Amino acid sequence: ATVGTDAAQRFADIVGAAGLLTGEQIGPDYAHDEALVGTPVMPRYVARPETAEQVAELLAAATEAKVPVTARGSGTGMSAGARPCPDGLLISFEK
């Protein structure tokens, strides 16, 4: 198994299969916020936690797997702060 596969499984164990997006499941909106600068970047994983405990577990698992993390609200910011790392985990707090 690869680190990516192991990380994906761990993230899915935390948020459930429906709470983790990978590959083509990740829509283009997750690659950017509303900043007018920079190039959109697709994250490797998008997790949609439901609880604070899940967020803490995701952060611990990502740290252990050395996967960079980006937090994202609704993606309406203008500062490019929600632009993910290409091999990273984007934790989405949208509701």
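These remarks concern the structure in this document. Predicted, not measured: the structure shown is a model, and the values here were computed from it.

**A closer look at the sheet that holds strand β1 (residues 20-22)**
What the 4 strands build is an open sheet, ordered β1-β2-β4-β3; its pairing is mixed. At either end of the open sheet lies a strand with only one pairing partner, and these are β1 and β3 (69-72). Put simply, the sheet's adjacent strands are angled 20° from each other on average, direction ignored. For β1 and strand β2 (residues 45-47), the ladder comprises 3 bridges, and the chain directions are antiparallel. By the bridge assignment, leucine 21 is partnered in β2 with valine 46.

**Looking at the environment of threonine 22**
Assignment of secondary structure puts threonine 22 in strand β1. Judged by relative accessible area, threonine 22 falls into the partly exposed class, the value being 30%. Excluding residues that lie within four positions of it along the chain, threonine 22 makes contacts with Arg44 and Tyr45.

**Some details on helix α2 (residues 52-65)**
The first and last C-alpha atoms of α2 sit 20 Å apart over 14 residues, in line with the 20 Å expected at 1.5 Å per residue. Within α2, burial applies to Gln54, Val55, Leu58, Ala61 and Ala62. All buried residues of α2 lie within an arc of 130° about the axis, which places them on one face of the element. Away from the buried face of α2 by more than 90 degrees, exposed residues Ala52, Glu53, Thr63 and Glu64 are located. One or two steps after α2, the chain reaches lysine 66, where phi turns positive at roughly 60°.

**Describing the pairing of β3**
Two faces, one strand: in a regular strand the side chains alternate between the faces of the sheet. Covered by surrounding structure in β3 are Thr70 and Arg72 only, the residues Val69 and Ala71 on the alternate face being uncovered. Relative to strand β4 (residues 89-92), β3 runs parallel, the two being bridged by 4 bridges. Across the sheet, the residue bridging to alanine 71 is isoleucine 91, located in β4.

**Thoughts on unusual backbone geometry**
Located in the positive-phi region is lysine 66, a residue other than glycine, with phi close to 60°. With respect to the helices, strands and loops of the structure, lysine 66 is situated in the loop between α2 and β3.

**Examining the packing of aromatic side chains**
On inspection of all chains with the given rule, the structure shows 1 aromatic pair. Between phenylalanine 11 and tyrosine 45 the ring centres are 5.1 Å apart and the planes differ by 80°, which places this aromatic pair in the edge-to-face class. Of this pair, phenylalanine 11 sits in helix α1 (residues 3-15) while tyrosine 45 sits in strand β2; the two residues are 34 residues apart in sequence, bridging distant segments of the chain. Pair check on accessibility: phenylalanine 11 and tyrosine 45 agree, each one buried.

Calculation criteria
- Residues numbered from 1 in each chain as written.
- Predicted model: local features only at pLDDT ≥ 70, side-chain atom pairs only at ≥ 80, totals over all residues.
- Heavy atoms only, no water.
- Pairing = 2+ DSSP bridges.
- Helix = DSSP H or I, 4+ residues; strand = E, 2+ residues; numbered from the N terminus.
- Axes fitted to C-alpha atoms, helices over the stretch in contact; angles between N-to-C directions.
- Buried < 20%, exposed > 50% of the residue type's maximum accessible area, 1.4 Å probe, protein only.
- Contact = heavy atoms within 4.5 Å.
- Expected span 1.5 Å × (residues − 1).
- Arc of directions from axis to C-beta.
- Phe/Tyr/Trp six-rings, centres within 6.5 Å; stacked < 30°, edge-to-face > 60°.

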